[in-house]
Amino acid sequence: MRHRQRTAPATSLAALIAGAVACGTPALAQSGMNTTSLEHEVVLDGLDIPWDMAFLEDGTMFFTEFCEGLSVRLPSGEVNALLGMPESAGYAATADDLFCEGQAGMNGVAVDPDFAENRRIYVYAASRRSDPPTNRVLRLTVDEDLAGVSDRTDIVDDIPFKTQPTDHPFGGTGTHNGGRVRFGPQDGYLYVTTGDNHNGTIPQSPTIMGSKVLRIDTDGNAAPGNTPPEGFDPRTYTYGHRNVQGIAFHPVTGAAIVAEHGPWHSDEITVLENGGNGGWDPRPNMAGRGDCPDDYCGYMPNQMEGMNRFERASFMPMTDFETYPDAMPPIWENNGWSQGTASAAFLEGEAWGDWENALVVGIMGIGFGGTPIGQRIDVIELDEAGTSVVDVTEMTLPMEAGRFRSVVLGPDGSLYAAVDEGKIHRLTPGGR
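Everything in this summary refers to the structure shown in the same document. The residue numbering used here restarts from 1 in each chain and proceeds along that chain's sequence as written. The predicted nature of this model means local features are confined to residues of pLDDT at least 70 and side-chain atom pairs, given and counted, to a pLDDT of 80 or more, with totals for whole chains, interfaces and linings taken over all residues. For the side-chain quantities, the full set of heavy atoms in the structure was used; hydrogens and water were omitted.

**Observations regarding the state of the cysteines**
Criterion for a disulfide: a pair of cysteine sulfur atoms at a distance within 2.5 Å. One pass over the full model with this rule turns up two disulfides. Here cysteine 67 is linked by a disulfide to cysteine 100, with a sulfur-sulfur distance of 2.0 Å. The chirality of the disulfide connecting cysteine 67 with cysteine 100 is right-handed, given an S-S dihedral of about 105°. One end of the pair, cysteine 67, is in the loop between β3 (61-65) and β4 (69-73); the other, cysteine 100, is in the loop between β6 (93-94) and β7 (106-111), with 33 residues separating them in the sequence. Here cysteine 292 connects covalently by a disulfide to cysteine 297, the sulfurs 1.9 Å from one another. Runs of E in the DSSP output that reach at least two residues are strands. Runs of H or I that reach at least four are helices, and both are numbered from the N terminus.

Shown next as structure tokens:
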């Protein structure tokens, strides 16, 4: 198997810290001590922006590469390329409608809870099957020999894709695209995270499926227990989000918790409430604001330059409690920084010691306008109810930091971390 190569240059952790100090800000605004010893192994290397992973119980790992496609790593270490984009080489099959552009491409992947019986997996991908293009959730059946997929069914076909460039940072097409898919371990439904496309009307829209967390069954129908406001698409579990790319489920309560990119300030982690509003509303002429570039106030004021993050947050809040007093409150705000908080998982198993049942988030790093770049994995310890943060510790990494695109707990109890630089790492607790 061989793919096109589009990896970003690596940046050393020492350089990140030095750059943050030069900006006159702490590199790591964290508390606590890292007391866990981690062993490290590179599971895969030479990939093209690995975006997500999903496991079978025997360690078989499905993974996506953003501009290439879907593959699987067998427990033997052999890799089979399953479904690629039109120009991808070495895949068992390619799909002419799939493509990558901006932040849209081959994104999240999830394994059906009943995989042993139905052999189904689910992928979030950008598609030109419709005009304009949309993001879709594809249901696929994996062959018995794990060498190919078949029976493609697009169970969601109407998640918006940004089709036109706009006058904003990262203003190209395909931006703010969401893309994570995960099954709730207690309710068995599929959760799908989406983004706002730099479109001010989408977050509070009742019918456009951007800026939402969808909760659906495996045919794409709304989960029966969803309770969105009257007039909303019944697939809506929560709405009013900016760009959710991380979702995980509390090991005890089963509550869905999302990690979300902030607008030059305030990356957030939020415990979702069925039918809840995330409070993001970047429309012009709202909350005392006037007109904004291309009718989107998401980076205002002073959208192309750095400024005090708290002043920016007061003008364009990530969660607007004045307009939406019942909005879901975040439990973590990254000390007001926006650093690319992209993925989330819970650490489970006694081997993690005091970190058992703690939430981990992968942070890709931004470095805009004096912001510390911040590439790291944070360990966020919650109270017993899982509704507030007790402590935050930066994980001491046994390898160089990178753009942590995805963090996933494997069936062996290890944490797997994919970085844009083309590697998937395995971090094993307790020195075992």
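Now that the structure has been shown, the text picks up again.
**Here's the deal with unusual backbone geometry**
Between aspartate 131 and proline 132 the backbone carries a cis peptide bond, its omega angle lying at 10°. Within the fold, proline 132 resides in the loop between β8 (120-127) and β9 (134-142). Positive phi outside glycine occurs at leucine 146, with the angle close to 60°. Note on placement: leucine 146 falls in the loop between β9 and β10 (149-160). Three exposure classes are used, based on accessible area relative to the maximum for each residue type with a 1.4 Å probe and protein chains only: buried under 20%, partly exposed in between, and exposed over 50%. On the basis of relative accessibility, which here comes to 13%, the residue leucine 146 falls in the buried class. With phi around 50°, aspartate 294 is a residue other than glycine that occupies positive phi space. Within the secondary structure, aspartate 294 sits in the loop between β17 (268-271) and α3 (309-315). Looking at aspartate 294, the relative accessible area reads 44%, which means it is partly exposed.

**With respect to the pairing of strand β25 (residues 423-429)**
Across the seven residues that make up β25, a large majority, six, are buried. Where strand β24 (residues 415-419) meets β25, five bridges bridge the pair, whose relative direction is antiparallel. Paired with tyrosine 416 across the bridge in β25 is arginine 426. At least two DSSP bridges between two strands are needed for those strands to be called paired. Hairpin connection from β24 to β25: three residues lie between these consecutive antiparallel strands, with glycine 422 at a positive phi of about 105°.

**Things to note about the layout of surface pockets**
Both cavities and pockets are sets of points on a 1 Å grid over the protein atoms alone; in a cavity a 1.4 Å probe fits but cannot get out, in a pocket the set is open with protein on both sides within 12 Å along at least five of seven lines, and lining residues sit with an atom within 4 Å of a point. Grid points are joined across faces, edges and corners, and a volume is the space filled by probe spheres set on the points. Space inside the largest pocket adds up to approximately 920 Å³. Residue lining of the largest pocket: 31 residues in total, with Arg182, Phe183, Pro185, Val408 and Leu409 positioned closest to the centre. Put simply, the parts of the chain that give the lining of the largest pocket at least two residues each are β2 (50-55), β7, α2 (115-118), β11 (181-183), β15 (244-249), β19 (341-346) and β23 (404-409). For this classification, Asp, Glu, Lys and Arg are treated as charged, while Ala, Val, Leu, Ile, Met, Phe, Trp, Tyr, Cys and Pro are nonpolar and the rest, including Gly, are polar. Taken together, the residues of the lining of the largest pocket sort by class into 23 nonpolar, four polar and four charged. Taken together, 25 residues make up the lining of the second largest pocket; nearest its centre are Gln103, Phe170, Met364, Arg403 and Arg405. Residue composition of the lining of the second largest pocket, grouped by class: eight nonpolar, twelve polar and five charged.

**Overview of the side chain of asparagine 277**
Along the chain, the position of asparagine 277 falls in the loop between β17 and α3. Polar side-chain contacts of asparagine 277 include one of 3.1 Å to the side chain of glutamine 204. Counted as a polar contact is a pair of N or O atoms within 3.5 Å, where, for protein atoms, one must be capable of donating a hydrogen and the other of accepting one, and residues adjacent in sequence contribute only when both atoms are in side chains. At 2.8 Å, the side chain of asparagine 277 and the backbone nitrogen of glycine 279 are in polar contact. The contact criterion used is simple: two residues touch if any of their non-hydrogen atoms lie within 4.5 Å. If sequence neighbours within four positions are ignored, asparagine 277 has contacts with Gln204, Tyr239, Gly240, Tyr324, Ala327 and Met328.

**Some remarks on the pairing of β23**
Where a strand is regular, its side chains alternate between the two sheet faces. Counting buried positions along β23 yields five of six residues, so the element is predominantly enclosed. Two strands pair when backbone bridges link them, and β23 and β24 are joined in this way by five bridges, in the antiparallel orientation. Among the inter-strand pairings, valine 408 is bridged to a residue of β24, identified as tyrosine 416. Adjacent in sequence and paired antiparallel, β23 and β24 are bridged by five residues, among which glycine 413 carries a positive phi angle near 85°.

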